[in-house]
Amino acid sequence: MAQQGKRVALVSGGSRGIGRAVVLELAARGYDVAFCYRSAAEAAVLLGKEVAELGVRCRADQVDVTDAAAVKEWVAAVEGDLGPVDLAVTSAGITRDGPLVLMSEEDWDAVLGTNLDGVFTVCRAVVFGMMKRRSGSIVNLSSVSGVHGNATQTNYSASKAGIIGFTKALSKEVGRYGIRANVVAPGLIETDMTAQLGDKALAKMLGAVPLRRLGRAEEVAGLVAYLASDEAAYITGSVLQIDGGITI
Ligand code: NDP
């Protein structure tokens, strides 16, 4: 469904997985889209071409979301190029799983840094412009692990729970400027991230999913696009799970 007027979306971690599906979904809905990635330059170039074929403008930049200065520069460059950012989606994320007794400080810092600091850097960089324009929407990707916790994921669960607290606080802070901030918390979605789990572990986990399948990145992208759309104009501070029922 086409959006009214031209809008600009910014997506962190757009080169692969859920972020990639979000980029394509928003482009199909008529957004000009800027996305960043950490290292997958080849995937980013291919995606840029795919988006351009949808007749909207696209910009792909290699930006590490843990680098606040680089994120600030990226947002300024995107706004100079495509125009003010109407929608920010934070999908950049990593896992470094392991039991707490064996967890290194490096694995803790890497996960908290990318997943939680990365949401802070992106949101802070876009929000002042949105406040000045008195409109905007932010959708942050958390996880069911952030809502319920998951063994061997203390770092990841903490980062994803942090995103929920962050987004709820932000929604209260900026609602009066006409800005909405929401969370999408997926369960098991078929991407490179879940491929790391291995077939045996995945089959066991699927046994706990009432719908008995992995979710698709496109299904998550549809929910993100809905939350960003005018149909969701009265939804803010919410955490919407898309998990095939795994948390029931
Ligand atoms: P993928 O591993 O498929 O993709 C991760 C994306 O994030 C890539 O584009 C990657 O870039 C980017 N990225 C990672 N680190 C950085 C960084 N420091 N700076 C910029 N970009 C970075 O992950 P998914 O698509 O599966 O996950 C997307 C989000 O959804 C994550 O936040 C994840 O935690 C969350 N999620 C995923 C679930 C799942 O089952 N897949 C379930 C619940 C939540 P590059 O390609 O360059 O490495």
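Everything discussed here concerns the structure shown above.
Once a new chain begins, its residue numbering starts again from 1 and follows that chain's sequence as written. In keeping with the predicted nature of the model, local features appear solely for residues at pLDDT of at least 70, side-chain atom pairs appear and are counted solely at 80 or more, and the whole-chain, interface and lining totals rest on all residues. For the side-chain quantities, the full set of heavy atoms in the structure was used; hydrogens and water were omitted.

1. Description of the packing of helix H4 (residues 105-133) against helix H6 (residues 154-174)
Working note: a packed helix pair is described by the angle between its axes plus the distance between those axes. As a reminder of what qualifies: Comment: axis = line fitted to C-alpha atoms, over the contacting stretch for helices; angle = value between 0 and 180 degrees taken between N-to-C directions. Each helix is a run of DSSP H or I of at least 4 residues and each strand a run of E of at least 2, with the numbering of both proceeding from the N terminus. Each angle receives one of four descriptions, namely roughly parallel if under 35 degrees, roughly antiparallel if over 145, roughly perpendicular if within 65 to 115, and oblique otherwise. By the definition used in this description, the sense in which the near helix is turned from the far one sets the handedness, with an anticlockwise turn below a right angle giving left-handed and a clockwise turn giving right-handed. By definition in these notes, contact holds between two residues if any of their heavy atoms fall within 4.5 Å. Gly falls in the polar group here, along with every residue not listed as nonpolar (Ala, Val, Leu, Ile, Met, Phe, Trp, Tyr, Cys, Pro) or charged (Asp, Glu, Lys, Arg).
Viewed as axis vectors pointing N to C, H4 and H6 meet at an angle of 15°, and their least axial separation amounts to 8 Å. Relative to H6, the element H4 is oriented roughly parallel. For the pair H4 and H6, the sense of crossing is right-handed. Where H4 abuts H6, its residues Asp107, Trp108, Val111, Leu112, Asn115, Leu116, Val119, Phe120, Cys123, Val127 and Met131 lie against Thr154, Asn155, Tyr156, Ala158, Ser159, Lys160, Gly162, Ile163, Phe166, Leu170 and Val174. For the contact of H4 with H6, the per-class residue count stands at 15 nonpolar, 5 polar and 2 charged.

2. Structural notes on the nonpolar core
Our working rule: Only buried residues count toward a nonpolar core, which is a set of Ala, Val, Leu, Ile, Met, Phe, Trp, Tyr and Cys residues joined through side-chain atoms within 4.5 Å. Burial status follows relative accessibility: with a 1.4 Å probe on protein chains alone, a residue under 20% of its type maximum counts as buried, one over 50% as exposed, and anything between as partly exposed.
Formed by 31 residues in total, the largest nonpolar core has its most connected members in Val11, Val22, Leu26, Leu87, Val89, Val184 and Val224. Of all the elements in the fold, those that place two or more residues in this core are strand E1 (8-12), helix H1 (17-28), strand E2 (32-37), helix H2 (41-52), strand E4 (87-90), strand E5 (136-141) and helix H9 (217-228). In contact with Val11, not counting residues within four places along its chain, are Gly19, Val22, Val23, Leu26, Val33, Ala34, Phe35, Cys36, Trp74 and Val89. Core analysis: the second largest hydrophobic core is formed by 29 residues, Val8, Val65, Trp74 and Ala88 among them.

3. Topic: the site of the ligand
Heads up, the condition is: One heavy atom suffices: a residue is near a molecule or strand as soon as one of its heavy atoms comes within 4 Å of it. Residues adjacent in sequence count toward polar contacts only when both atoms are side-chain atoms; beyond that, a polar contact is any pair of N or O atoms within 3.5 Å, and within protein one must be able to donate a hydrogen and the other to accept it. Computed by Shrake-Rupley with a 1.4 Å probe, the accessible areas treat only the displayed protein chains as cover when residues are assessed.
Taken together, 30 residues are adjacent to the ligand, and Ser15, Arg16, Ser39, Tyr156 and Thr191 come closest. A distance of 2.9 Å separates an oxygen atom of the ligand from a polar backbone atom of Arg38. The backbone of Val63 places a nitrogen or oxygen atom 3.4 Å from a nitrogen atom of the ligand. Burial of the ligand by the protein chains amounts to 97% of its free accessible area of 900 Å². Elements represented by at least two residues in the shell around the ligand include exactly H1, H6 and helix H7 (192-195).

4. As for H9
At 3.6 residues per turn, the α-helix brings residues three or four places apart onto the same side. Heads up, the rule is: Here a helix's expected span is defined as the number of its residues, less one, multiplied by 1.5 Å.
For H9, built from 12 residues, the straight-helix expectation of 16 Å at 1.5 Å per residue is met to within 8% by its first-to-last C-alpha distance of 17 Å. For H9, the set of buried residues is Ala217, Val220, Ala221, Leu223, Val224, Ala225, Leu227 and Ala228. Contact partners of the buried residues in H9: H1, E4, E5, strand E6 (179-186) and strand E7 (239-242).

5. Section: the pattern of salt bridges
Rule in force here: We define a salt bridge as a contact between a side-chain nitrogen of Lys or Arg and a carboxyl oxygen of Asp or Glu at a distance within 4 Å.
In this structure the tally under the stated criterion is 12 salt bridges. Notably, a salt bridge pairs Lys6 with Asp32, separated by 3.6 Å at the nearest N-O pair. In this pair, Lys6 is assigned in the segment before E1 and Asp32 in strand E2, connecting sequence segments 26 residues apart. The class of Asp32 is buried, set by a relative accessible area of 1%. One salt bridge connects Glu219 with Arg213, and the closest N-O pair in it is separated by 2.8 Å. Residue Arg213 is classed as partly exposed on the basis of its relative accessible area, which comes to 36%. Several salt bridges share partner residues, and in doing so they unite Lys6, Asp32 and Arg57 into one network.

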